[in-house]
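Architecture and fold: a report
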Amino acid sequence: MQILIVEDEERVARFIARGLEAEGHRCQVAPDGAQGLREARHGDYDLIVLDRMLPAIDGVALCRQLRADGLRTPVLMLTALDAVEDRVSGLRAGADDYLAKPFDFDELLARIEALSRRGGLDSSETLEVGPLCVDVPGRRVTLAGSEVELTALEFDLLRLLASSAGRYWSRERILNRVWGSAADPETNVVDVYVSRLRRKLGEGAGLIQTRRGVGYCLQAPAD
Ligand code: CA
């Protein structure tokens, strides 16, 4: 997994990153809340380990902001405080789990693994991004109430983007998740399908954003 660690204590950040890298994960460390927010919004992460007390933007505010943006990446919040009200405020802000410092690395790892099993593509829900509604079990898509006819692959691509609105997906990862790891990494099929989706979405085409060198993202229009 690609994991973002937002932690201002260098020693703790290094301890977590080294341990997770030894387990085969790739880690990026952000040393304050503002950098953490930027990374989380524009990076391609499977999970975020988020310290609660951070300079610039604290962990609770950061988490609330990410959820308000529509980002569903699982968040494990770390804290030096272990009072019930601190746990509750973290969870209310949209964190998926909570771990008090000092913690045992094995416990951190177990919680990360549990979160990653719960995360990912959920097949039993309706995903809403602005006027777009993706009915996952029914495999139907509506835009402002009107049905949009999609092929199976177009649906899978849109569902992937809708499952983590606000998060950029690289072509490589889209290819991997929608077409499978056997797909030729040199192919431009992702770009072709994104333009088809945009055409079919018509007025909703602007929901799919492109960032050069980063990838694609589905984002609700700003109010
Ligand atoms: Ca801290």
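What you are looking at is a predicted structure, and each value in this text was computed from that prediction instead of being measured. Residue numbering note: each chain is counted from 1, following its sequence as written. Local features in a predicted model are, by the rule used here, given only for residues with pLDDT of at least 70; side-chain atom pairs are given and counted only at 80 or more, and totals for whole chains, interfaces and linings are based on all residues. The side-chain values count all of the structure's non-hydrogen atoms but skip hydrogen atoms and water molecules.

Considerations on the overall build of the chain
- Across its full length, the chain carries 8 helices and 11 strands.
- Atoms counted for the radius of gyration: C-alpha only. Globule rule: 2.2 Å times the number of residues to the power 0.38. A compact globule built from 223 residues would reach a C-alpha radius of gyration of about 17 Å, and the chain, at 18 Å, matches this within 12%.
- A principal-axis box enclosing the C-alpha atoms of the chain has dimensions of 50 × 35 × 30 Å.
- For every residue, the accessible area (1.4 Å probe, protein chains only) is compared with the maximum for its type, and the residue is labelled buried under 20%, exposed over 50%, or partly exposed between those bounds. Split into buried and exposed, the 223 residues of the chain put 47% on the buried side.
- Averaged over its 29 positive side-chain charges, the chain has a centre that lies 3 Å from the centre of its 36 negative ones. Numbering goes from the N terminus for both helices and strands, where a helix is a DSSP run of H or I of at least four residues and a strand is a run of E of at least two. Two residue types count as positive, namely Lys and Arg, and two as negative, namely Asp and Glu; His and chain ends fall outside the count. For this purpose, a charge sits on NZ of Lys, CZ of Arg, CG of Asp or CD of Glu.

Here we look at helix H1 (residues 10-22)
- To estimate the expected span of a helix, subtract one from its residue number and multiply by 1.5 Å. Compared with an ideal rise of 1.5 Å per residue, which puts 13 residues at 18 Å, H1 spans 18 Å between its outermost C-alpha atoms and is within 8% of the ideal.
- Turning to H1, its buried residues are Val-12, Ala-13, Ile-16, Ala-17, Gly-19 and Leu-20. The buried residues of H1 occupy an angular sector of 165 degrees when the element is viewed end-on, so they sit on one face. Opposite the packed face of H1, turned more than 90 degrees from it, sit the exposed residues Glu-10, Arg-11, Arg-18 and Ala-22.
- Positive phi appears at Gly-24, one or two residues downstream of H1, with a value of about 95 degrees. Along the arc lie the directions from the helix axis toward the C-beta atoms.

Focus on the sheet that holds strand S9 (residues 146-148)
- Only when DSSP finds a minimum of two bridges between them are two strands counted as paired. Ordered in space as S6-S7-S8-S9, the 4 strands form an open sheet in which the pairing is antiparallel. A strand with exactly one partner marks an edge of an open sheet, and here the two such strands are strand S6 (126-129) and S9. Between one strand and the next, the sheet's axes are offset by a mean angle of 25 degrees, whatever the strand orientation.
- In this structure, S6 lies alongside strand S7 (residues 132-135), joined through 4 bridges in antiparallel fashion. Paired with Glu-128 across the two strands is Cys-133, which belongs to S7. Comment: axis = line fitted to C-alpha atoms, over the contacting stretch for helices; angle = value between 0 and 180 degrees taken between N-to-C directions.

Some words on the packing of aromatic side chains
- For this analysis, a ring pair means two rings from Phe, Tyr or Trp (six-membered ring only for Trp) whose centres lie within 6.5 Å, classed as stacked if their planes differ by under 30 degrees, edge-to-face if by over 60, and tilted for the remaining angles. Counted under the stated rule, the structure contains 3 aromatic pairs.
- Residues Phe-15 and Phe-103 carry aromatic rings whose centres are separated by 6.3 Å and whose planes lie at 45 degrees to one another, so their mutual orientation is tilted. Within this pair, whereas Phe-15 is found in helix H1, its partner Phe-103 is found in the loop between strand S5 (97-100) and helix H5 (105-118), the two being separated by 88 residues in sequence.
- A relative accessible area of 37% means that Phe-15 is categorised as partly exposed.
- Look at Phe-103 and you get buried, because its relative accessible area is 15%.
- Taking 5.8 Å as the distance between ring centres and 80 degrees as the angle between the ring planes, the aromatic pair formed by Phe-15 and Phe-105 counts as edge-to-face. With Phe-15 in helix H1 and Phe-105 in helix H5, this residue pair connects regions lying 90 residues apart in the sequence.
- An aromatic cluster of at least three residues, connected via ring pairs, comprises Phe-15, Phe-103 and Phe-105.

Observations regarding the coordination of the calcium ion
- Bound to the calcium ion on the protein side are Asp-8 (OD), Asp-51 (OD) and Met-53 (O), at distances that span 2.1 to 2.3 Å.
- Listed donor atoms are N, O and S within 2.8 Å of the metal (Na, K and Ca: 3.2 Å). As water is not included, a site may look incomplete. Linear spacing of the donor residues for the calcium ion on their chain is D-x42-D-x1-M.
- By relative accessible area, Asp-51 is classed as buried at 3%.
- By relative accessible area, which is 51% here, Met-53 ends up exposed.

Re helix H2 (residues 33-42)
- Listed as buried for H2 are Gly-33, Gly-36, Leu-37 and Ala-40. An end-on view of H2 places all buried positions within 100 degrees of arc, on one side of the element.
- The contact criterion used throughout is that any non-hydrogen atoms of two residues lie within 4.5 Å. Against the buried residues of H2 lie strand S1 (2-6), strand S2 (26-30), strand S3 (47-51) and helix H3 (59-68).
- Any N or O atom pair separated by 3.5 Å or less is treated as a polar contact, with the protein-specific requirement of one donor-capable and one acceptor-capable atom, and with residues adjacent in sequence counted only for side-chain atom pairs. For H2, the side-chain oxygen to backbone nitrogen distance between the N-cap and Ala-34 is 2.9 Å, and the N-cap itself is Asp-32.

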